[in-house]
Amino acid sequence: MGWTDERVEILKKLWLDGLSASQIAKQLGGVTRNAVIGKVHRLGLSGRAAPSHPSRPAFKAPRAPRPITHAPPRPRSVEPRIHAAPAPRPAPFVELPGTATVLTLGAHMCKWPIGDPATDEFTFCGRRAANEGPYCIDHARVAYQPPQARKKTTAAELARSLRRYI
Ligand SMILES: [Zn+2]
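Quick caveat, the model's predicted, so the values are computed rather than measured.

A. View of the overall build of the protein. Within the protein, the regular secondary structure consists of 5 helices and 2 strands. For the protein, the N- to C-terminal ordering of α and β elements is α-α-α-β-β-α-α. For the protein, the residues scored as buried account for 16% of the 166 residues in total. Across the protein, contacts joining residues at least 24 apart in sequence account for 31% of those joining residues at least 6 apart.

Rendered as structure tokens:
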């Protein structure tokens, strides 16, 4: 079977489509793979396989830009809180230096004794007494806390005993 114009066109098309010589031979029928290769050479199409002499301008399809994957940030493993913040403790009672003496203690001043009555440094709290009581809020809290929870027993007792002299 010879090369008719039509078959040559088919050959060109298939060749340019990238088919191998044997595939083209099969498609055309009646020709061998070698015959296809020979014809391709004669047509000057063989450059397809020869990178040094490309018959077609090498066309590089522009690479699709790599999709920027906004992968969600890997969730940081939540570290177990080893050092859990301790529950806030109530501020410990701090005995402030007294502001009043026996001479200056007024009616509405806290009569909480501070210090040793035997010394000159003995004072009374002297801050404003709360709720018409003899003590300021802080000292009232200390004085009237339940007996089993009372820790400053001596101070409270001292206060009680002192009340008789005030
Ligand atoms: Zn007080």
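There's plenty left to go through after this.
B. Broad picture of the environment of Ala21. Tracing the chain through its elements places Ala21 in helix H2 (residues 21-28). If we skip the residues at most four places from it in the chain, Ala21 touches Arg33, Val36, Ile37 and Val40.

C. Broad picture of the nonpolar core. If you look at the biggest cluster of nonpolar residues, it comprises 10 residues: Met109, Cys110, Trp112, Ile114, Phe124, Cys125, Ala129, Tyr135, Cys136 and Ala159. Leave out the neighbours within four places in its chain, and Cys125 touches Gly98, Thr99, Cys110, Trp112, Ile114, Cys136 and His139. Core analysis: the second largest hydrophobic core is formed by 9 residues, Ala21, Ile24, Val31 and Val40 among them.

D. Highlighting the packing of helix H1 (residues 5-17) against H2. Packing of H1 against H2 leaves a shortest axis separation of 10 Å and a crossing angle of 145°. Crossing hand, H1 versus H2: right-handed. Taken together, the residues of H2 that come into contact with H1 (itself represented by Arg7, Ile10, Leu11, Leu14 and Trp15) are Ile24, Gln27 and Leu28.

E. Inspection of H1 at higher detail. For H1, with 13 residues, the first-to-last C-alpha span of 18 Å sits near the 18 Å given by 1.5 Å per residue. Burial in H1 covers these residues: Leu11, Leu14 and Trp15. Along H1, the residues classed as buried sweep out an arc of 100° about the axis, all on the same side. Opposite its buried face, H1 presents the exposed residues Asp5, Glu6, Glu9, Lys13, Leu16 and Asp17, each directed more than 90 degrees away. In this structure, the buried side of H1 is in contact with H2 and helix H3 (33-43).

F. How the structure looks around the environment of Gln27. Secondary-structure assignment places Gln27 in helix H2. By C-beta crowding, Gln27 is classed as partly exposed, having 15 other C-beta atoms within 10 Å. Sequence separation between Gln27 and Ile10 is 17 residues; the distance between their C-alpha atoms is 9.0 Å.

G. Fine view of the packing of H2 against H3. Between H2 and H3, the least distance of the axes is 8 Å, while the angle of their chain directions is 105°. One element, H2, and the other, H3, form an angle in the roughly perpendicular class. Where H2 approaches H3, its residues Ala21, Ser22, Ile24 and Ala25 are matched on the opposing element by Arg33, Ala35, Val36, Ile37 and Val40. Among the residues forming the contact of H2 with H3, the class breakdown is 7 nonpolar, 1 polar and 1 charged.

H. Spotlight on H3. Within H3 the residues assigned to the buried category are Val36, Lys39 and Val40. Each buried residue of H3 sits inside an arc of 105° when the element is viewed along its axis, so together they form one side. The outward face of H3, more than 90 degrees from its buried face, is lined by the exposed residues Asn34, His41 and Arg42. The secondary structure elements touched by the buried residues of H3 are H1 and H2. In the segment just after H3, Gly44 is the residue with positive phi, at about 75°.

Rules of the game
Residues numbered from 1 in each chain as written. Predicted model: local features only at pLDDT ≥ 70, side-chain atom pairs only at ≥ 80, totals over all residues. Helix = DSSP H or I, 4+ residues; strand = E, 2+ residues; numbered from the N terminus. Buried ≥ 20, exposed ≤ 12 C-beta atoms within 10 Å, placed from the backbone. Contact = placed C-beta atoms within 7 Å. Core = buried A, V, L, I, M, F, W, Y, C linked by C-beta atoms within 7 Å. Axes fitted to C-alpha atoms, helices over the stretch in contact; angles between N-to-C directions. Left-handed = near helix turned anticlockwise from the far one by under 90°. Expected span 1.5 Å × (residues − 1). Arc of directions from axis to C-beta. Parallel < 35°, antiparallel > 145°, perpendicular 65-115°, else oblique. Nonpolar A, V, L, I, M, F, W, Y, C, P; charged D, E, K, R; others polar.

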